[in-house]
Amino acid sequence: MSRTDTATSLLRTLLSAVARAGRGIRWYMTTLMGDTAYATYVAHQRRQHPEEEPLTERQFWRQRMDDQDRNPGARCC
């Protein structure tokens, strides 16, 4: 294997690792911010309660905000 092939292989490995880390950070941030909460809820409802119709996205967020207002937990405000 030539030096060019080795350098190209190392660069590809490095770029792959950076891309994987970027995807992981994106997943963490969207999950942390709650962006995937409704999709997670719908998947759970369909899996665990297939006979029930899941809430609409608007109903889901309204209920979630009401629950947070009633039970602030670790929120400061």
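Residues numbered from 1 in each chain as written. Predicted model: local features only at pLDDT ≥ 70, side-chain atom pairs only at ≥ 80, totals over all residues. Heavy atoms only, no water.

1. Quick notes on the overall build of the chain
A count of helices and strands for the chain gives 3 helices and 0 strands. Of the regular secondary structure in the chain, the N- to C-terminal order runs α-α-α. Relative to the globule expectation of 11 Å for 77 residues, the C-alpha radius of gyration of the chain, 21 Å, shows a markedly less compact shape. Seen along its three principal axes, the alpha-carbon backbone of the chain occupies a region of about 65 × 40 × 15 Å. Of all 77 residues assigned to the chain, the portion counted as buried reaches 12%. Total accessible area on the chain is roughly 6900 Å²; 57% of this is exposed by carbon and sulfur atoms. Between the mean site of the 12 positive side-chain charges and the mean site of the 9 negative ones, the chain shows a separation of 11 Å. (Helix = DSSP H or I, 4+ residues; strand = E, 2+ residues; numbered from the N terminus. Rg over C-alpha atoms; globule rule 2.2 N^0.38 Å. Buried < 20%, exposed > 50% of the residue type's maximum accessible area, 1.4 Å probe, protein only. Areas by Shrake-Rupley, 256 points an atom, 1.4 Å probe, with all protein chains shown as cover. Lys, Arg positive; Asp, Glu negative; His and termini not counted. Charge placed at Lys NZ, Arg CZ, Asp CG, Glu CD.)

2. What to know about helix α1 (residues 3-33)
Counted at 1.5 Å a residue, the expected span for α1 with its 31 residues is 45 Å, and the 45 Å between its end C-alpha atoms agrees. Immediately beyond the C-terminal end of α1, within one or two residues, lies Gly34, with a positive phi of roughly 90 degrees. (Expected span 1.5 Å × (residues − 1).)

3. Considering the packing of aromatic side chains
Summed over the entire model, instances satisfying the criterion amount to 4 aromatic pairs. An aromatic cluster of at least three residues, connected via ring pairs, comprises Tyr38, Tyr41, Phe60 and Trp61. (Phe/Tyr/Trp six-rings, centres within 6.5 Å; stacked < 30°, edge-to-face > 60°.)

4. So, the pattern of salt bridges
Per the counting criterion, the structure on display carries 2 salt bridges. Residue Asp66 is joined to Arg62 by a salt bridge in which the shortest nitrogen-to-oxygen separation is 3.3 Å. Of the two residues, Asp66 and Arg62 are both situated in helix α3 (residues 57-70); the distance of 4 residues between them amounts to about one turn of the helix. Given the relative accessible area of 27%, Asp66 is considered partly exposed. (Salt bridge = Lys/Arg side-chain N within 4 Å of Asp/Glu carboxyl O.)

5. Brief notes about the packing of helix α2 (residues 37-48) against α3
Packed helix pairs are specified by the crossing angle of their axes together with the interaxial distance, meaning the distance between the axes. Between α2 and α3, whose axes approach to 10 Å, the crossing angle comes to 110 degrees. Overall, the two elements α2 and α3 adopt an arrangement that is roughly perpendicular. Taking contact as the criterion, the partners of Ala37, Tyr38 and Tyr41 in α2 are, on α3, Glu57, Phe60, Trp61 and Arg64. A class-by-class count of the residues in the contact of α2 with α3 yields 5 nonpolar, no polar and 2 charged. (Axes fitted to C-alpha atoms, helices over the stretch in contact; angles between N-to-C directions. Parallel < 35°, antiparallel > 145°, perpendicular 65-115°, else oblique. Contact = heavy atoms within 4.5 Å. Nonpolar A, V, L, I, M, F, W, Y, C, P; charged D, E, K, R; others polar.)

6. Some words on the side chain of Gln45
If you trace the backbone, Gln45 turns up in helix α2. On the basis of relative accessibility, which here comes to 9%, the residue Gln45 falls in the buried class. Once you skip the residues sitting within four places of it in the chain, Gln45 turns out to touch Pro50, Glu52 and Pro54.

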